[in-house]
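Residues per chain, in single letters:
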Amino acid sequence: MSDPDAPGTPVLFVHGLWLHATSWGPWVERFRAEGYAPANPGWPGFPESVEDARAHPEAIAGVGVAEVSEHYAGIIRGLAEPPVLIGHSFGGLVVQKLLGQGLAAAAVAIDAAAIRGVLVLPPSTLRTAFPALRNPFTVRGTVPLDEEQFRWRFGNAVSEEESAGMYERWYIPAPGRPLWQGAFAAVNPRSPLAVDVGNADRGPLLLTAGGEDRVIPPAITRSTHKRYRRSPAVTDIHEFPGKGHSLALDRGWEEVADHVLGWLRSHGH
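A short tour of the structure in this document, coming up.

Of all the five residues making up strand S3 (residues 84–88), five are buried; the element is thus mostly covered by neighbouring parts of the structure. Here S3 shows two buried faces, one formed by Val84, Ile86 and His88 and the other by Leu85 and Gly87. Of the strand pairs in this sheet, strand S1 (residues 10–14) and S3 are connected by four bridges, and their pairing is parallel. Paired with Val11 across the two strands is Val84, which belongs to S3. By the bridge criterion, five bridges tie S3 to strand S4 (residues 106–110) in an arrangement that is parallel.

Spatially, S2-S1-S3-S4-S7-S8 is the arrangement adopted by the six strands of the open sheet, whose pairing is parallel. Of all the strands in the sheet, the pair left with one neighbour each is strand S2 (37–39) and strand S8 (235–240). Neighbour-to-neighbour, the strand axes of the sheet open up by a mean angle of 15°, direction not taken into account. In this sheet, S2 lies alongside S1 in parallel orientation, the contact comprising three bridges. In the strand pairing of S2, Pro10 is matched with Ala37. Against the sheet, helix H4 (residues 90–100) makes contact with S1, S3, S4 and strand S7 (205–210), and its axis sits at roughly 150° relative to S3, the strand it touches most. Contacting S3, S4, S7 and S8, helix H10 (residues 253–266) runs over the sheet at an angle of about 155° to S4.

Taken together, the side chains of Glu48, Glu51, Asp52, Asp146, Glu147, Glu148, Glu160 and Glu168 make up a negatively charged region of the molecular surface. Among the secondary structure elements, those contributing two or more residues to the negative patch are helix H2 (50–55), helix H6 (147–153) and helix H7 (160–170). The topology assignment puts Asp146 in the loop between strand S5 (142–143) and H6.

The next thing to look at is the packing of aromatic side chains. Two aromatic rings, taken as a pair, are described by how far apart their centres are and by the angle between their planes. Summed over all chains, the structure comprises twelve aromatic pairs. Summarising the aromatic geometry, the rings of Phe13 and Trp24 are spaced 4.9 Å apart at their centres and angled 35° between planes, so their arrangement reads as tilted. Separated by eleven residues along the polypeptide, Phe13 in strand S1 and Trp24 in the loop between S1 and helix H1 (25–33) bring together distant segments of the chain. Across the pair, Trp24 and Phe13 agree in class, each one buried. Each ring, one from Trp43 and one from Phe46, has its centre 5.5 Å from the other, and the planes form 50°; the classification is tilted.

With that settled, consider the nonpolar core. Counting 58 residues, the largest nonpolar core has Trp18, Trp43, Tyr72, Leu85 and Leu98 as the members making the most contacts within it. Those elements that provide at least two residues to this core are S1, H2, helix H3 (65–77), H4, S4, H7 and S7. Excluding anything up to four places from it in sequence, Trp18 contacts Thr128, Val143, Pro144, Leu145, Phe150, Phe154, Trp170, Tyr171, Ile172, Pro173, Ala174 and Leu179. Core analysis: the next-biggest nonpolar cluster, separate from the first, contains 23 residues, Trp27, Ile110, Leu206 and Ala248 among them.

On to unusual backbone geometry, then. With a phi angle near 70°, Trp18 is a residue other than glycine that sits in the positive phi range. On the secondary structure map, Trp18 appears in the loop between S1 and H1. A relative accessible area of 4% means that Trp18 is categorised as buried. A positive phi angle is found at Asp111, which is not glycine, with a value near 45°. As for its placement among the helices and strands, Asp111 is situated in the loop between S4 and helix H5 (123–133). Judged by relative accessible area, which is 0%, Asp111 ranks as buried.

It is worth spelling out the side chain of Arg30 at this point. Checked against the element boundaries, Arg30 lands in helix H1. A distance of 2.6 Å separates a polar atom in the side chain of Arg30 from a polar atom in the side chain of Asp258. When sequence neighbours within four positions are dropped, the list of residues in contact with Arg30 reads Trp253, Glu254, Ala257, Asp258 and Leu261.

So, how was this worked out
Just so you know, the residues in each chain are numbered from 1, in the order the chain's sequence is written. The predicted origin of the model limits local features to residues at a pLDDT of at least 70 and limits the giving and counting of side-chain atom pairs to 80 or more, whereas totals for whole chains, interfaces and linings rest on all residues. Each side-chain value is worked out from all heavy atoms of the structure, with water and hydrogens disregarded. We call a residue buried when its accessible area falls under 20% of the maximum for its residue type, exposed when it is over 50%, and partly exposed in between, using a 1.4 Å probe and counting protein chains only. Each helix is a run of DSSP H or I of at least 4 residues and each strand a run of E of at least 2, with the numbering of both proceeding from the N terminus. At least two bridges found by DSSP between two strands are what make those strands a pair. The axes are straight lines fitted to the C-alpha atoms, using for helices just the contacting stretch, and the angles between their N-to-C directions are given from 0 to 180°. We call two residues contacting when some pair of their heavy atoms lies within 4.5 Å. Each patch is built from residues that are more than 30% exposed by relative accessible area and take part in no salt bridge. Like charges join if they lie within 9 Å; nonpolar side chains (Val, Leu, Ile, Met, Phe, Trp, Tyr) join within 5 Å. For accessible areas, the Shrake-Rupley method is used with a probe of radius 1.4 Å. Any residue's cover is judged against the shown protein chains and nothing else. Salt bridge, as used here, is a side-chain nitrogen of Lys or Arg placed within 4 Å of a carboxyl oxygen of Asp or Glu. By the counting scheme adopted, Arg and Lys are positive, Glu and Asp are negative, and His together with the chain ends is not counted. Lys charges are placed at NZ, Arg charges at CZ, Asp charges at CG and Glu charges at CD. Any two of the Phe, Tyr and Trp rings considered here, Trp counted by its six-membered ring, make a pair once their centres fall within 6.5 Å; the pair's planes then place it as stacked at under 30 degrees, edge-to-face at over 60, or tilted in between. Residues enter a nonpolar core if they are buried and are Ala, Val, Leu, Ile, Met, Phe, Trp, Tyr or Cys, with the set joined through side-chain atoms within 4.5 Å. Two N or O atoms form a polar contact when they lie within 3.5 Å of each other; inside protein one atom must be a possible hydrogen donor and the other a possible acceptor, and for residues adjacent in sequence the pair counts only when both atoms belong to side chains.

Right under this line is the structure:
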């Protein structure tokens, strides 16, 4: 994790399921070079290295969306100014929650998990969650992925070799609880996946979609975008054709980062 109190606009990167916080490393370096003060803290209780996270999955077990959101809210409250938040997958959902609470200057949700109220549920998304939902013990446990399962979810738009490299470098088991919370969000009025989509005073939000994403297909991102239609606050959407769920960490990540940086500058950040 870098120093969020360094000179420049603070930026916090929030990872999602099955990826370690170090997967944001290239983005941290890029944003620092662009004059920001970036940091990539992990979810609460997550070990600091990929190796430790794989060796001690019990440290990850049971963590849910509410705990993750509160963890990052605590980090934000310790900063001198509201940060820019950038999150991927479930991290993209978390940054939307925090933006809606007025804790961020702006947010970018990269292929974000569906917030409460998004009822689009493509078959590929169901398949993504199946390893957790078929076993009730994963509510308080973890969900591993083998290399083939990781490729189907993350690396389908890149070569088998590149997908294997990402798996080796950044994959960690994921807590099952967020997946269960997502499965029951529509019937739980107190779901932690609820986001204040009507907040008119929040900062700008960018939603992105990967055209070949199986975990969060573009239909989910489009439906999420529609949830914000009643708010006058800026809510933009951009689709990256041909990209899968690994778009923030595979060889094409710089194209995504370039778009995010350009969007932030266009909104004064």
